[in-house]
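Architecture at a glance
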Amino acid sequence: MIKTIATQPYSDQKMGTGGLRKKTKVVMQPNYFENFMQSIFNTIGDSSGKTFVVGGDGRFYNAIAIQKLIKMAAANGVAKLIVGQNGLLSTPASSNILLKNKTDGGFVLSASHNPGGGNGDFGIKYANETGGQIPTSISDKIFETSKQISEYKIFDAPDIDLSRLGTQKLGDMEIEVIDSVKDYVEMMERIFDFSAIKKLFANGFSMRFDAMNAVTGPYAIRIFEEVLGATKGSVVHAIPLPDFGGLHPDPNLVYAKELVDFMFSEHAADFAAANDGDGDRNMILGKKFFVTPSDSLAILTDNFKLIPAYKNGIFGVGKSAATSSAVSRVAQAHNIGYYEVPTGWKYFVNLMDSNRITFCGEESFGTGSSHIREKDGIWAVLFWLNIIAATGKSVEEITREHWQKYGRSYYMRFDFEGITTDIADKLMADLENKLPLLNGKEINGFKIANAAPFVYNDPVDHSTTKNGLIITFEDGSRIVYRLSGTGSSGATIRVYLERYSKDNLNAEPLAMLTELLRIALDVAEIPERTGKHQADVVT
Ligand code: VG1
Ligand code: CO
């Protein structure tokens, strides 16, 4: 019943910032998905006795890919798969199940915040026994294997019924279909003060949660409406759809526009949040108020004592280099560890495993803690609700008080999308060569203190990663340049700007950053080289 199928290698199965991400049409090419999965199984080596978690965000092609994955796992000698009902598991839920059951790894079929559907994107995130996505050293091996693959193994059997909870068998492999939501809710109940949040809703507090027609709908309905008592209908776009109903499930000011418009209208709720396709990102909004993810990380960290699971102390905090420095001031004030890592959650895993950090976050709407090894959208939302319940303050009050105490890091990100790869690569290479000449220079009143590539030395496995170029000015302002590693066509240049003020707390971010933006574009020659005078997406 195990078939060995001859195949030709593809040359492009290299994982990026968060797994393999491609156009759905690319993944649907003959044997494309099978090649990639077999490359993973070959890299793992002996799978006998091993257990893996399997789920996805429900996007187009999930249903087909998951059946292939199950049959290939059985053919490759895997002992057991734990699968989310109907193939659904959010990325954080998957990490939890992986850790809770001490399994050997997990697969989330998702391209995260990228659009789905036949003309959208598809992806595969692969985590190992740490509960986090594999380090580059392993993904490089998988990539090398994929370039030489000549056959794959698959079990010849009818499809597995994933709607039925409980245990089934495929050959010698056990398949346990589990409730996608239950374990996750139990974990959240252990972390946060659910009774305080219940009281908040019982007293009429209103909330809107936008699941963006992606995986978090069922989690959000269960937690916010059924368990915590938010009004029915508080969760919108709650049914996971294969094409996300045409939405681009990226929770930011641009793509979650409907929610943003609602929160800046007269009918705004007291609090709102959105999550991305696979449930690891979050956006936090108050009434007519937006919290930047960098500020959110700083505010959550500053308030750790209000949360039952963290009240006895936290180890430290990590942020990606591109994220604003707001949290560094909080770390200093609380005298806790502070780490800056390259972009991508996998870089936090060693820091969490070695008890160096408890919280971590990225400017790209990702926040989380060591309760799992992925960022966690609903966790961040519950953290905010818990702070609101404990303090009786609004999102805006909490944020403004934070600025009063620590000053404010004005922060924005500008994305230049759809650039020819060669042009983007050359732009970054030329800019890197130019950096040493910039040191000490003054441009339009901004004096450069340091200009260098960001290089990270992992204190645990001692690996070195170079990602992005950073210009730091004497007043603490920063420009960070990076190429995106999650796109599925062309290149995206990301420009991150930050400027700190101790006492000017109520300015418009763009007004504060206009000069820096001009410098950033000039120095890298972005308009000249890309033909773009404006960013495609500003967040
Ligand atoms: C982007 C973000 C990064 C995030 C990654 C995965 O990567 O900038 O912070 O970790 O997406 O997010 P890039 O390389 O395009 O900048 V998601 O929600 O996969 O899982
Ligand atoms: Co995501």
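Everything quoted here is computed from the prediction, not taken from an experiment.

**Details of the overall build of the protein chain**
Summing up its helical and strand segments, the protein chain has 17 helices and 25 strands in all. Computed over its C-alpha atoms, the radius of gyration of the protein chain comes to 23 Å, within 12% of the 24 Å expected for a compact globule of 539 residues. Per-residue burial for the protein chain yields a buried fraction of 59% across its 539 residues. When contacts within the protein chain are restricted to residue pairs at least 6 apart in sequence, those whose partners lie at least 24 apart make up 72%. Of the accessible surface of the protein chain, which amounts to about 20,300 Å², a share of 49% is contributed by carbon and sulfur atoms.

**Focus: the environment of Gln 67**
With respect to the helices and strands, Gln 67 occurs in helix H3 (residues 62–75). Residue Gln 67 is classed as buried on the basis of its relative accessible area of 8%. In contact with Gln 67, other than residues within four places in its own chain, are Asp 159, Ile 160 and Leu 162. One polar contact links the side chain of Gln 67 to the main-chain amide nitrogen of Ile 160, over a distance of 2.8 Å.

**With respect to the nonpolar core**
Membership of the largest hydrophobic core comes to 69 residues, with the highest contact counts inside it found for Phe 224, Phe 271, Trp 379, Leu 382 and Leu 385. A per-element tally of this core places helix H13 (residues 377–391) first, with 10 residues. Among the domains, domain 1 (2–180) and domain 2 (184–406) are the pair contributing at least three residues each to this core. If we ignore the near neighbours within four places in the chain, the residues touching Phe 271 are Phe 205, Ser 206, Met 207, Arg 208, Met 263, Ile 284, Leu 285, Val 381, Trp 384, Leu 385, Ile 388 and Val 395. Core analysis: the second largest hydrophobic core is formed by 40 residues, Tyr 61, Val 78, Ile 134 and Ala 157 among them.

**Here's the deal with the site of ligand 1**
The local shell around ligand 1 holds 20 residues, among which Thr 17, Ser 112, Lys 125, Gly 485 and Thr 486 are the closest. Asp 280 has a polar side-chain atom sitting 3.0 Å from an oxygen atom of ligand 1. Contacts to ligand 1 include Gly 485, whose backbone N or O atom sits 2.6 Å from an oxygen atom. In terms of residue class, the shell around ligand 1 is made up of no nonpolar, nine polar and 11 charged.

**Some words on the sheet that holds strand E17 (residues 359–362)**
Strand order in the open sheet made by the four strands is E16-E15-E17-E18, with mixed pairing throughout. One side of each edge strand has no neighbouring strand; the edge strands of this open sheet are strand E16 (337–341) and strand E18 (366–369). Each neighbouring strand pair of the sheet contributes to a mean axis angle of 15 degrees, computed without reference to strand direction. As judged from the four bridges shared by E17 and E18, these two strands associate in the antiparallel manner. Counted as the bridge partner of Cys 360 is Gly 368 from E18. Packed onto the sheet, H13 meets E17 and E18 and runs at close to 80 degrees relative to E18.

**A closer look at the coordination of the cobalt ion (ligand 2)**
The protein atoms donating to the cobalt ion (ligand 2) are Ser 112 (OG), Asp 276 (OD), Asp 278 (OD) and Asp 280 (OD), with metal-donor distances spanning 2.0 to 2.1 Å. Donor residues binding the cobalt ion (ligand 2) come from one chain and are separated in sequence as S-x163-D-x1-D-x1-D. Given a relative accessible area of 0%, Asp 276 falls into the buried group. What makes Asp 278 buried here is its relative accessible area of 0%.

**Topic: the pairing of strand E9 (residues 173–178)**
Pairing between strand E4 (residues 80–88) and E9: five bridges, direction parallel. Note that in E9 the partner of Val 83 across the bridge is Val 177. Sheet topology note: the strand E8 (residues 166–170)/E9 ladder contains five bridges and is antiparallel. Bridge assignment links Lys 169 to a residue of E9, and that residue is Glu 174. Remark: two residues form the turn of the hairpin made by E8 and E9, two consecutive strands paired antiparallel; Gly 171 in that turn has positive phi of roughly 60 degrees.

**Considering the sheet that holds E4**
With mixed pairing, the seven strands of this open sheet are ordered in space as E2-E6-E5-E3-E4-E9-E8. At either end of the open sheet lies a strand with only one pairing partner, and these are strand E2 (20–23) and E8. Neighbour-to-neighbour, the strand axes of the sheet open up by a mean angle of 20 degrees, direction not taken into account.

**Brief notes about the packing of helix H2 (residues 32–44) against helix H5 (residues 136–146)**
Across the interface, H2 lies against H5 with an axial gap of 8 Å and an inter-helix angle of 120 degrees. The orientation of H2 with respect to H5, classified from their angle, is oblique. Considering the relative orientation of H2 and H5, their crossing is right-handed. Judged by residue contacts, Phe 36, Ser 39, Ile 40, Asn 42 and Thr 43 of H2 engage Ile 138, Lys 141, Ile 142, Thr 145 and Ser 146 from H5. Looking at the contact of H2 with H5 residue by residue, the class counts come to four nonpolar, five polar and one charged.

**Observations regarding the domain arrangement of the protein chain**
Along its sequence, the protein chain is carved into domain 1 (2–180), domain 2 (184–406) and domain 3 (408–538). Taking the mean C-alpha position of each, domain 2 and domain 3 sit 26 Å from one another. With 28 residues of domain 2 in contact, the opposing surface of domain 3 contributes 25 residues. Between domain 2 and domain 3, a total of about 2,200 Å² is buried, with carbon and sulfur atoms accounting for 53% of that surface. Where domain 2 meets domain 3, there are one salt bridge. Here domain 2 is connected to domain 3 by 11 residue pairs in polar contact (both at pLDDT 80 or more). Going through the elements one at a time, helix H10 (293–302), helix H11 (326–334), E16, helix H12 (346–353) and helix H14 (395–406) are the ones with two or more residues in the side of domain 2 that touches domain 3. The dominant element in the side of domain 2 that touches domain 3, judged by the number of residues it contributes, is H14, at five residues. Of the residues belonging to the side of domain 2 that touches domain 3, the class tally is 11 nonpolar, nine polar and eight charged.

Definitions and cut-offs
- Residues numbered from 1 in each chain as written.
- Chains lettered and ligands numbered in written order.
- Predicted model: local features only at pLDDT ≥ 70, side-chain atom pairs only at ≥ 80, totals over all residues.
- Heavy atoms only, no water.
- Helix = DSSP H or I, 4+ residues; strand = E, 2+ residues; numbered from the N terminus.
- Rg over C-alpha atoms; globule rule 2.2 N^0.38 Å.
- Buried < 20%, exposed > 50% of the residue type's maximum accessible area, 1.4 Å probe, protein only.
- Contact = heavy atoms within 4.5 Å.
- Areas by Shrake-Rupley, 256 points an atom, 1.4 Å probe, with all protein chains shown as cover.
- Polar contact = N/O pair within 3.5 Å; in protein donor to acceptor, adjacent residues only side chain to side chain.
- Core = buried A, V, L, I, M, F, W, Y, C linked by side-chain atoms within 4.5 Å.
- Domains from an automatic or database assignment.
- Near = heavy atom within 4 Å.
- Nonpolar A, V, L, I, M, F, W, Y, C, P; charged D, E, K, R; others polar.
- Pairing = 2+ DSSP bridges.
- Axes fitted to C-alpha atoms, helices over the stretch in contact; angles between N-to-C directions.
- Donors = N, O, S within 2.8 Å, 3.2 Å for Na, K, Ca; no water.
- Parallel < 35°, antiparallel > 145°, perpendicular 65-115°, else oblique.
- Left-handed = near helix turned anticlockwise from the far one by under 90°.
- Buried area = accessible area lost by both parts, 1.4 Å probe.
- Salt bridge = Lys/Arg side-chain N within 4 Å of Asp/Glu carboxyl O.

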